[in-house]
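# Breakdown of the fold
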Amino acid sequence: RFLARQRGGLTTLYLPIALSLSQDDQEALLAFVQGGGKLIVEGCTGMYGANGGMDLAFSFLRELFGMDHVTLEATQEDFSRAVGGAIAFQSAWYRQLYQSCAADVEVTAHFTDGTPAMLTRKVGKGTVVWLGGSSGRHMKEQRMKRRDA
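Residues numbered from 1 in each chain as written. Predicted model: local features only at pLDDT ≥ 70, side-chain atom pairs only at ≥ 80, totals over all residues. Heavy atoms only, no water.

## Let's talk about the overall build of the protein
Summing up its helical and strand segments, the protein has four helices and eight strands in all. In the protein, the succession of helices and strands from N to C terminus is α-β-α-β-α-β-β-β-β-β-β-α. In the protein, buried positions account for 44% of the 149 residues. For the protein, the share of sequence-separated contacts (at least 6 apart) that also reach a separation of at least 24 residues comes to 61%. Summing over all exposed atoms, the protein offers an accessible surface of approximately 8200 Å²; the carbon and sulfur share of this is 52%. (Helix = DSSP H or I, 4+ residues; strand = E, 2+ residues; numbered from the N terminus. Buried < 20%, exposed > 50% of the residue type's maximum accessible area, 1.4 Å probe, protein only. Contact = heavy atoms within 4.5 Å. Areas by Shrake-Rupley, 256 points an atom, 1.4 Å probe, with all protein chains shown as cover.)

In structure tokens:
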């Protein structure tokens, strides 16, 4: 609904922990990217449909990145390093792993153990970026720690 109300000007959209997406949401997000937008999603995006049912095939991530055999792994805090070596992002709670993805997907960061942590792919005129963990939740926890210190 948010995207439907936009009248241009929106170029980047970050979806932190968007576990539940309806089919309409998925179609609107895909149209946003195909039209030239940049969509950044975290691991497990669209794991549940609008009715609360699990999509164990992770169909939305499969459509965006060609991901196969997606699994989840519980984790403590983990860092990811960009291909150049700088810290790309931090995550907490879990990370999402996959067996394979589309040939045109670029791995742009790895977790400390070498597992892919960030993927980038051109879709239509736009770009999608996948963060393999819960970065948004980690950022919130860090803000709360600084506030309470």
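## Describing unusual backbone geometry
Phi at Cys44 takes a positive value of approximately 75 degrees, unusual for a residue other than glycine. Relative to the helices and strands, Cys44 is located in the loop between β2 (38-42) and α3 (59-65). With phi around 50 degrees, Phe58 is a residue other than glycine that occupies positive phi space.

## Things to note about the nonpolar core
Membership of the largest hydrophobic core comes to 27 residues, with the highest contact counts inside it found for Leu39, Phe65, Met67 and Trp130. When residues of this core are traced back to their parent elements, those giving at least two are β1 (12-15), α2 (23-34), β2, α3, β6 (116-123) and β7 (126-131). Among all residues touching Leu39, those that are not within four sequence positions of it are Leu13, Leu15, Leu29, Phe32, Val33, Phe60, Leu64, Thr127, Val128 and Val129. One finds Phe89, Ala109, Met118 and Val129 within the second-largest nonpolar core, a separate group that totals eight residues. (Core = buried A, V, L, I, M, F, W, Y, C linked by side-chain atoms within 4.5 Å.)

## Some words on the pattern of salt bridges
Counted under the stated rule, the structure contains four salt bridges. Here Asp68 and Arg62 are joined by a salt bridge, their closest N and O atoms 3.1 Å apart. Residue Arg62 is classed as partly exposed on the basis of its relative accessible area of 37%. Residue Asp113 pairs with Arg95 through a salt bridge whose shortest N-O separation is 2.6 Å. With Asp113 in the loop between β5 (106-111) and β6 and Arg95 in strand β4 (residues 87-97), the pair connects residues that are 18 residues apart, well separated along the chain. When salt bridges with common partners are traced through the structure, they connect Glu73, Arg95 and Asp113 into a single cluster. (Salt bridge = Lys/Arg side-chain N within 4 Å of Asp/Glu carboxyl O.)

## Things to note about the environment of Leu30
Tracing the chain through its elements places Leu30 in helix α2. Looking at Leu30, the relative accessible area reads 14%, which means it is buried. Remark: the alpha-carbon pair of Leu30 and Val128, spanning 98 residues in sequence, is separated by 9.3 Å. Leaving out residues up to four positions away in the same chain, Leu30 has contacts with Glu63, Leu64 and Val123.

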